[in-house]
Amino acid sequence: MNEKRKVVISKEEIAEKVKELGEVITNDYKDKNLLVISLLKGSFVFTSDLVRKINLKLRVEFMTTSSYGNDEYSSGKVKVINDLHADIKDYDVLIVDDIVDSGNTMKFILDYLKEKNPKSIKSCVLLDKPERREVEIEADYYGFKIPDLFIAGYGLNYGNHYRNIEDIFVFEED
Ligand code: IMP
Ligand code: MG
C-alpha cells in the first residue's frame, strides 16, 4: 500500500473534545471516589490526556483486553490479558477505552467489573462507531461518533503501528 494518510479528526479537535469531557467528568464525579480503569493498549494516549483534564483526586488502574479475531476487528470473544490488581468496592469506576465498535469489549468488561461490586460503574470512550454495533450498548461519555471507517492514530493501531500519530486518520490508497 502506498501510504497516504487522510486526517479524520485533527489533534486540535481531539484536544478540545478531551478538555470538554474532562470538565463534564470533573463535575459529575466531584462528590464521588473516582477510579479510572483504562483498557490497554488502545486507550493509553486518550487516558493520559483525559485524566489530566479531570480536576479531582482520582486513581488510575489498567487492564489489558484483547479479542480473539484478526488484527483489525474483534471476534466477539473478549479475553482479559492483564487483570486488575485492585479491590474496586469503594470506588466509582469509570472505564476508559479508545472506541466502541461492535460493543463486545465494553459489554464484556462492564459485566466482568460489575461482579466485583463497585459503588458505581460507567464508561467513557473517545470514539463511537454505532453502525457496527453487535450488542446493545451505549457509552455514558463519548467524544465523537464516526462512520464505519477503520481508523488509526491517537493510540489506535493499524497492524502493530501508528499508535503514536497525533491525529486520527485513515489510509487513502492510490
Ligand atoms: P469492539 O468491537 O467494540 O469490541 O472494539 C474493540 C476494540 O477494537 C477497540 O477497543 C479497538 O482497540 C479496536 N478497534 C475497533 N475499531 C477500530 C478501528 O477503527 N481502528 C483501530 N482499532 C479499532
Ligand atoms: Mg481496544
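Residues numbered from 1 in each chain as written. Chains lettered and ligands numbered in written order. Predicted model: local features only at pLDDT ≥ 70, side-chain atom pairs only at ≥ 80, totals over all residues. Heavy atoms only, no water.

## Examining the environment of Ser38
Next, step 1: Structurally, the position occupied by Ser38 is in strand S2 (residues 34-40).
Next, step 2: Separated by 80 residues in the primary sequence, Ser38 and Pro118 place their C-alpha atoms 16 Å from one another.
Next, step 3: Here Ser38 is in contact with Ser43, Thr47, Glu61, Phe62, Met63 and Val96, once residues within four sequence places are set aside. (Helix = DSSP H or I, 4+ residues; strand = E, 2+ residues; numbered from the N terminus. Contact = heavy atoms within 4.5 Å.)

## Quick look at the sheet that holds strand S5 (residues 92-100)
Next, step 1: An order of S4-S3-S2-S5-S6-S7 is seen for the 6 strands of this open sheet, with the pairing classed as mixed. Bordering the open sheet on either side are strand S4 (78-82) and strand S7 (141-145), each of which pairs with just one other strand. Going from strand to strand, the sheet's axes swing by 30 degrees on average, the running direction of each strand aside.
Next, step 2: In this sheet, S7 lies alongside strand S6 (residues 120-128) in parallel orientation, the contact comprising 4 bridges. (Pairing = 2+ DSSP bridges. Axes fitted to C-alpha atoms, helices over the stretch in contact; angles between N-to-C directions.)

## Things to note about the site of ligand 1
Next, step 1: In the vicinity of ligand 1 lie 16 residues, with Asp101, Ser102, Gly103, Thr105 and Ile151 positioned nearest.
Next, step 2: In this structure, Thr105 approaches ligand 1 through a side-chain N or O atom, which is 2.5 Å from an oxygen atom.
Next, step 3: For ligand 1, whose free accessible area comes to 490 Å², the fraction covered by protein is 90%.
Next, step 4: Among the secondary structure elements, those contributing two or more residues to the shell around ligand 1 are S5 and helix H3 (104-114).
Next, step 5: With 4 residues, S5 is the single largest residue contributor to the shell around ligand 1. (Near = heavy atom within 4 Å. Polar contact = N/O pair within 3.5 Å; in protein donor to acceptor, adjacent residues only side chain to side chain. Areas by Shrake-Rupley, 256 points an atom, 1.4 Å probe, with all protein chains shown as cover.)

Interpretation in functional terms is not warranted from these geometric data alone.
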